[in-house]
Amino acid sequence: MTAPDDLFDSSLTAQYEAYPYPERSAKEESKRLLIGSPSHLREIDYWVFGAQRPTSRPLRALVAGCGTGDGAIMLATHLARAQRPGEVICLDRSKAALAIAQARADVRQLTNIRFIEGSLLELPALELGLFDYIDCCGVLHHLPDPDSTLSALEAMLAPVGAWD
Ligand SMILES: C[S@@+](CC[C@H](N)C(=O)[O-])C[C@H]1O[C@@H](n2cnc3c(N)ncnc32)[C@H](O)[C@@H]1O
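Residues numbered from 1 in each chain as written. Predicted model: local features only at pLDDT ≥ 70, side-chain atom pairs only at ≥ 80, totals over all residues. Heavy atoms only, no water.

Engineer: Run through the overall build of the protein chain, naming residues and quoting values.
Structural biologist: Across its full length, the protein chain holds six helices and five strands. Mapped from its N terminus to its C terminus, the protein chain presents α and β elements in the order α-α-β-α-β-α-β-α-β-α-β. Over its C-alpha trace the protein chain gives a radius of gyration of 16 Å, about what one expects of a compact globule, namely 15 Å for 164 residues. When the backbone C-alpha atoms are referred to their principal axes, the protein chain occupies close to 55 × 40 × 25 Å. (Helix = DSSP H or I, 4+ residues; strand = E, 2+ residues; numbered from the N terminus. Rg over C-alpha atoms; globule rule 2.2 N^0.38 Å.)

Right, here's the structure in full:
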């Protein structure tokens, strides 16, 4: 028998395939950079790391449930513009959302961003490694067991890593 949580989760998957969130078009990407929070590089430098983290140290960031890519595109662009080392890993299980995020990154010719289709419910199996910073915004409340996914994300933080 299908558990209610599974039914809820399948309809959520279908929703984000049909309506990738937020609604974005790669065509807009050459006109402006969307700025926000979390994943703003200054916010990470000052509020998350208290200006104690050398900017020359590569920043490995995970945007868990990246959707169509607002936070990830902003962070990868900030890093690239500042010629700072690092990479942004974008994880989502919506193919449609990832396709839009990838198209936005292509317009910006970002080489410091990667897209992974997968579920936050299977984090250990994805073997993504450790991250200095994790952004998981607007996602945990969707999950059948937010606490266990939060713990799985915490386990992926590097020893002096932080999350938003
Ligand atoms: C409200 S959107 C948030 C997108 C982005 N973080 C933002 O703030 O703009 C939620 C996203 O979480 C993704 N999501 C939901 N459950 C997921 C799961 N189990 N694994 C991976 N992604 C998931 C959805 O596909 C969707 O893109």
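Engineer: Describe the nonpolar core, naming the residues involved and giving the relevant values.
Structural biologist: In terms of nonpolar packing, the biggest core is built from 20 residues, with Leu 59, Leu 75, Val 88 and Ile 113 touching the most fellow members. Mapped by element, the contributors of at least two residues to this core are helix H2 (41–48), strand E1 (59–64), helix H3 (70–81), strand E2 (86–92) and helix H4 (95–107). Counting residues per element, this core draws most heavily on H3, at five residues. Excluding anything up to four places from it in sequence, Leu 75 contacts Ser 39, Leu 41, Ile 44, Leu 59, Ala 61, Val 88 and Tyr 133. Formed by 17 residues, the second largest nonpolar core is a distinct cluster that contains Ile 89, Leu 140, Leu 153 and Met 156. (Core = buried A, V, L, I, M, F, W, Y, C linked by side-chain atoms within 4.5 Å. Buried < 20%, exposed > 50% of the residue type's maximum accessible area, 1.4 Å probe, protein only. Contact = heavy atoms within 4.5 Å.)

Engineer: Residue-level account of the pairing of strand E3 (residues 113–117), with values.
Structural biologist: Across five bridges, the pairing between E2 and E3 is parallel. Bridge pairing in E3 places Val 88 opposite Ile 113. For the crossover that starts at E2, traverses H4 and ends in the parallel E3, the hand is right-handed. (Pairing = 2+ DSSP bridges. Right-handed = clockwise from strand over helix to strand, strands pointing away.)

Engineer: Report on the site of the ligand, specifying residues and quantitative values.
Structural biologist: In the vicinity of the ligand there are 17 residues, among which Tyr 16, Gly 65, Asp 92, Leu 120 and Cys 137 approach most closely. Leu 120 has a polar backbone atom sitting 2.8 Å from a nitrogen atom of the ligand. Here the ligand has 600 Å² of accessible area as a free molecule, and 92% of this is covered by the chains. For the shell around the ligand, the class distribution of residues is nine nonpolar, six polar and two charged. (Near = heavy atom within 4 Å. Polar contact = N/O pair within 3.5 Å; in protein donor to acceptor, adjacent residues only side chain to side chain. Areas by Shrake-Rupley, 256 points an atom, 1.4 Å probe, with all protein chains shown as cover. Nonpolar A, V, L, I, M, F, W, Y, C, P; charged D, E, K, R; others polar.)

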